[in-house]
Amino acid sequence: MSATANPLEDRLRFIKHKGHAIYVVDLRYCTPKELLLLLEMVRADVARHAPGSLLTLVDFTGIHIDKAVATRMKEVLALDRPFVKRSAWVGTESLPHVFYEHFKNFSQRDFPTFETREEAMDWLVTE
């Protein structure tokens, strides 16, 4: 593997769903250190897009969030707000409810949660 390759980059990608591009943020089973790195990558990626243009799907399955990650996630969600048209979350069972509420309140955004990625993607592309 080259020194420049970052295996975490594979966790951030666009997929097509019913003719729409969805930015998938795959946080499944990440450590707090990996989450902090991914949050910085997401922030940089999202800021390159037109305001109000992104559909995002975030998968939180099996993650462990510590205070540092929760604080940074609140900041990134607030910074991303101008660029995101709609966001849907899956795998939030492992996300403490208090963090979920803090994320919503701090970023002044709503994050509907879904049982499956398919349900989330269908909702994202519904006008």
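Please read all numbers here as calculations on a predicted model, not as lab measurements.

Rules behind the numbers
- For every chain, the first residue of the written sequence is number 1, and numbering continues from 1 onward in sequence order.
- Restriction of local features to residues with pLDDT of at least 70 applies here, the model being predicted, together with a cutoff of 80 or more for giving and counting side-chain atom pairs; totals for whole chains, interfaces and linings are based on all residues.
- In computing side-chain properties, one takes all heavy atoms of the structure into account and sets aside hydrogens as well as water.
- To define axes, lines are fitted to C-alpha atoms, for helices over the stretch in contact only, and angles between the resulting N-to-C directions are given on a 0 to 180 degree scale.
- The secondary structure listing takes helices from DSSP runs of H or I that are at least 4 residues long and strands from runs of E that are at least 2 residues long, numbered from the N terminus.
- Here roughly perpendicular refers to angles of 65 to 115 degrees, roughly parallel to angles under 35, roughly antiparallel to angles over 145, and oblique to all remaining angles.
- Contacts were defined at the residue level, with two residues in contact if any of their heavy atoms lie within 4.5 Å.
- Each residue receives one of three labels: charged for Asp, Glu, Lys and Arg, nonpolar for Ala, Val, Leu, Ile, Met, Phe, Trp, Tyr, Cys and Pro, and polar for the others, Gly being one of them.
- Each residue after the first adds 1.5 Å to the expected span of a helix.
- Classification of residues uses two cut-offs on accessible area relative to the type maximum, computed with a 1.4 Å probe and protein chains only: under 20% is buried, over 50% is exposed, and between them is partly exposed.
- By construction, the arc corresponds to the directions joining the helix axis to the C-beta atoms.
- By the criterion applied in these results, polar contacts are pairs of N or O atoms within 3.5 Å in which, for protein atoms, one can donate a hydrogen and the other can accept it, and in which residues neighboring in sequence qualify only through two side-chain atoms.
- Note on convention: the crossing is left-handed when the near helix lies turned anticlockwise from the far helix by less than a right angle, right-handed when the turn is clockwise.
- Stacked, tilted and edge-to-face pairs are distinguished by plane angle, under 30 degrees for stacked and over 60 for edge-to-face with tilted covering the rest, among Phe, Tyr and Trp rings (Trp via its six-membered ring) whose centres lie within 6.5 Å.
- Lysine NZ or arginine CZ positioned within 6 Å of the ring centre and within 35 degrees of the ring normal marks a charge as sitting over the ring.

**Thoughts on the packing of helix α1 (residues 32-46) against helix α2 (residues 67-80)**
Following both chains from N to C, one finds α1 and α2 inclined at 10°, their axes separated by 10 Å at the closest point. The orientation of α1 relative to α2 falls into the category roughly parallel. Here P32, L35, L36, L39, E40, V42, R43 and V46 of α1 lie close against α2, whose contacting residues are A68, V69, R72, M73, V76, L79 and D80. Partitioned by chemical class, the residues of the contact of α1 with α2 number 11 nonpolar, no polar and four charged.

**Re α2**
Counted at 1.5 Å a residue, the expected span for α2 with its 14 residues is 20 Å, and the 20 Å between its end C-alpha atoms agrees. Looking only at α2, the buried set comprises V69, A70, R72, M73, V76, L77 and D80. The arc that holds every buried residue of α2, seen down its axis, measures 165°, which confines them to one face. With a side-chain oxygen positioned 3.2 Å from the backbone nitrogen of A68, the residue opening α2 is D66.

**Regarding unusual backbone geometry**
A negative phi angle characterises most non-glycine residues, just as the trans form characterises most peptide bonds. Its identity as a non-glycine residue notwithstanding, Y29 has a phi of 60°, on the positive side. Mapping Y29 onto the fold places it in the loop between β2 (20-26) and α1.

**Brief notes about the packing of α2 against helix α3 (residues 97-107)**
Two numbers describe how α2 lies on α3: the axes approach to 8 Å, and their chain directions differ by 35°. As for the relative orientation of α2 and α3, their crossing is right-handed in sense. Across the interface between the two elements, A70, M73, K74, E75, L77 and A78 of α2 pack against F99, H102, F103, F106 and S107 of α3.

**Some thoughts on the packing of aromatic side chains**
Applying the stated rule across the entire model yields seven aromatic pairs. Seen in terms of ring centroids, F14 and Y23 are 5.1 Å apart; in terms of plane orientation they differ by 45°. Their pairing is tilted. Here F14 falls in the partly exposed class, since its relative accessible area comes to 40%. Between the aromatic rings of W89 and F111, the centroid separation amounts to 4.2 Å while the plane-to-plane angle is 15°, which identifies the pairing as stacked. Here the residue W89 occupies a position in strand β4 (residues 84-90), and F111 occupies one in the loop between α3 and β5 (113-114), the gap between them amounting to 22 residues. With respect to burial, W89 and F111 carry one shared label: buried. Linked through ring pairs, F60, W89, F99, Y100, F103 and F111 together constitute an aromatic cluster. One residue, K74, lies across the ring of F106, its end atom 5.0 Å from the ring centre. Taking NZ or CZ as reference, R86 lies 3.9 Å from the ring centre of W123, over its face.

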